[in-house]
Amino acid sequence: MTAKTLEVNARSYRWMAAPVVVVCVDGCEPAYLDAAIAAGVAPYLQRMRAEGADLLADCVVPSFTNPNNLSIVTGVPPSVHGICGNYFYDRERGEEVMMNDPRYLRTGTVLAAFSDAGAKLAVVTAKDKLRKLLGHKMKGICFSSEKSDQVSLAENGIEDVLGLVGMPVPDVYSAELSEFVFAAGVKLMETRRPDLMYLSTTDYVQHKAAPGSAQANAFYAMMDGYLAQLDALGATIVLTADHGMNDKHDAQGAPQVIYLQDLLDGWYGQGKARVILPITDPYVVHHGALGSFATIYAPDETSVPAWIERLKAVPGMELVLSRQEAAERFELPPDRIGDIVVVSEKNTVLGTAASRHDLSGLDAPLRSHGGVSEQRVPLICNRPVEGIAPGRRLRNFDALDLALNHARVPVAA
């Protein structure tokens, strides 16, 4: 089987020579790894970077969960797979909806293709919002930490996950939600030995704790232990992130927000514009649905150039682009974004109307993501990699290519 290859979305992938585990650490700004290693709490990650491949890559913009996880498992950008946010305005239905239904996927995943070819697959994700997208048309094990007490053989390919993992169902707003993913991954590797496994965490900790903080270092120490166990079980591991994370507050700790709906209503009249925040998902306590990327629907195309110029002058803006400019620059499906795309600078977020954002749940100064400033992410492998073209722009959605096509095959004991 080692000579077998599959072509998926115009990319070729070699069959697994050893079990492969791709890990997407939600919100993993590269500085988190640097700080944990410097603090001496992540010895395995230190060894992984020293003895394997220690690379950096660019994620998809908008730097949010759904577009990037789907890019990683399809190997292509949103312009191909169609998932360009956690939330969007469905023009065909005339409504704003969550983008977590597989009907919005425009291509198949590498995971499904390998399962169709006979590989044993396992997917564990922290939040259930991603499960159906990641497991679309995939035969194998697929479940979330969040709903780990509700699994069935028919729906998830496995029973009694809680018994297997030996942990209770974690709270959705906790570090344990991600720990459950890693613990499950180790147990699955010990008991089921999947050929290919995808693990995806939540960024609850990263939204609250900066690199080098005690809370952040404790999280990466936890992760380090589980990764070391996967390595000891013979897995080839590639670790990347869906996006980075930055402070989005002023020196006093107050969120720095541009409320776009309020701004545009004041300029052009109530409801003339429709502002969509693609960060929006059911879990907003830790970020208040505030991120650094927004898309705006104007009443007509003739309004767009003047609106763009006026928005560019607003302090805190990094980019204000037309639909076509944004689609080309960020590889997005033009029919699923607004007439204008707005990206705020590193320490500023974008909102709709101030009255629509409940920030009462923020118990720490706001940290968030979504913009170009959160695009740089780790791309590391526990094996040396070969054959990467010099000067190649690496993306987080090259993770499977790295693991299957470029990681040095371990020598059998």
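Cut-offs and rules
- Per chain, residue numbering runs from 1 following the sequence as it is written.
- Two thresholds apply to this predicted model, a pLDDT of at least 70 for residue-level local features and 80 or more for giving and counting side-chain atom pairs, whereas whole-chain, interface and lining totals are computed over all residues.
- In computing side-chain properties, one takes all heavy atoms of the structure into account and sets aside hydrogens as well as water.
- Runs of E in the DSSP output that reach at least two residues are strands. Runs of H or I that reach at least four are helices, and both are numbered from the N terminus.
- Only C-alpha atoms enter the radius of gyration; for comparison, a globular chain is expected to reach 2.2 Å times N to the power 0.38, where N is the number of residues.
- Only protein chains enter the accessibility calculation, which uses a 1.4 Å probe; a residue is then buried when its area is under 20% of its type maximum, exposed when over 50%, and partly exposed in between.
- In this analysis, two residues are considered to be in contact whenever any of their non-hydrogen atoms come within 4.5 Å of each other.
- Here a polar contact is recorded for every N or O atom pair within 3.5 Å, except that within protein the pair must consist of a potential hydrogen donor and a potential acceptor, and residues adjacent in sequence are included only if both atoms are side-chain atoms.
- Should DSSP find at least two bridges between two strands, the strands are taken to pair.
- An axis is simply a line fitted to the C-alpha atoms; with a helix, the fit covers only the stretch in contact. Between two such axes, the angle follows the N-to-C directions and lies from 0 to 180 degrees.
- Oblique is the label for every angle not falling under 35 degrees (roughly parallel), over 145 degrees (roughly antiparallel), or within 65 to 115 degrees (roughly perpendicular).
- Cysteine sulfurs are considered disulfide-paired once they come within 2.5 Å of each other.

Engineer: Would you take a moment to explain the overall build of the chain for this structure?
Structural biologist: When its secondary structure is counted, the chain shows 15 helices and 19 strands. Taken over the C-alpha trace, the chain has a radius of gyration of 21 Å; the compact-globule value for 413 residues is 22 Å, and the two agree within 12%. Along the longest, intermediate and shortest principal axes, the C-alpha atoms of the chain span 70 × 45 × 45 Å. Classification of the 413 residues of the chain by burial places 60% in the buried group. Long-range pairs, those at least 24 residues apart, make up 71% of the contacts in the chain between residues at least 6 apart in sequence.

Engineer: For this particular structure, what's the right way to read the environment of Glu96?
Structural biologist: Looking at where Glu96 falls in the secondary structure, it is placed in strand E6 (residues 95-98). Expressed as a C-alpha distance, the spacing of Glu96 and Gly266, which sit 170 residues apart in the sequence, is 23 Å. Sequence-distant contacts of Glu96, that is, excluding residues within four places in its chain, are made with Tyr87, Phe88, Tyr89, Arg274 and Ile276. A polar atom in the side chain of Glu96 sits 2.8 Å from the side chain of Tyr87. One polar contact links Glu96 to Arg274, side chain to side chain, over a distance of 2.7 Å.

Engineer: Looking at this model, I keep getting lost on helix H1 (residues 30-38). Mind explaining?
Structural biologist: Each turn of an α-helix holds 3.6 residues, which means side chains three or four residues apart point in the same direction. Taken residue by residue, H1 has Pro30, Tyr32, Leu33, Ala35, Ala36 and Ile37 as its buried positions. Gly40, located one to two residues past H1, shows a positive phi value of around 80 degrees.

Engineer: Which parts of the structure should I look at to understand the sheet that holds strand E19 (residues 376-381)?
Structural biologist: Paired through their backbone hydrogen bonds, the strands of a sheet run either parallel or antiparallel. Taken together, 7 strands build an open sheet; the order of strands is E4-E19-E10-E3-E9-E7-E8 and the sheet is mixed. Both outer strands of the open sheet, strand E4 (53-58) and strand E8 (141-144), are each paired with one neighbouring strand and no more. This sheet shows a mean twist of 15 degrees between the axes of neighbouring strands, independent of strand direction. Alignment of strand E7 (residues 121-125) against strand E9 (residues 196-200), held across 5 bridges, turns out to be parallel. Counted as the bridge partner of Thr125 is Ser200 from E9. Its contacts with the sheet put helix H9 (residues 176-191) on strand E3 (20-24), E7, E8 and E9, and the angle it makes with E9 is roughly 165 degrees.

Engineer: Quick question: what am I supposed to make of the packing of H9 against helix H11 (residues 214-232) here?
Structural biologist: Helix-helix packing: each pair is described by the crossing angle between the helix axes and the interaxial distance. The geometry of H9 relative to H11 is characterised by a closest axis approach of 9 Å and an angle of 10 degrees between their N-to-C directions. It follows that H9 is roughly parallel to H11 by the angle criterion. Residue-level contacts link Ser178, Glu179, Phe182, Ala183, Gly185, Val186 and Met189 of H9 to Phe219, Met222, Met223, Tyr226, Leu227, Gln229 and Leu230 of H11.

Engineer: Quick question: what am I supposed to make of the state of the cysteines here?
Structural biologist: Linking two cysteines covalently through their sulfur atoms gives a disulfide. All chains considered together, the criterion is met by 0 disulfides. Unpaired in this structure, Cys142 has its nearest cysteine sulfur neighbour in Cys24, at a distance of 14 Å. For Cys142, a relative accessible area of 8% gives the class buried.

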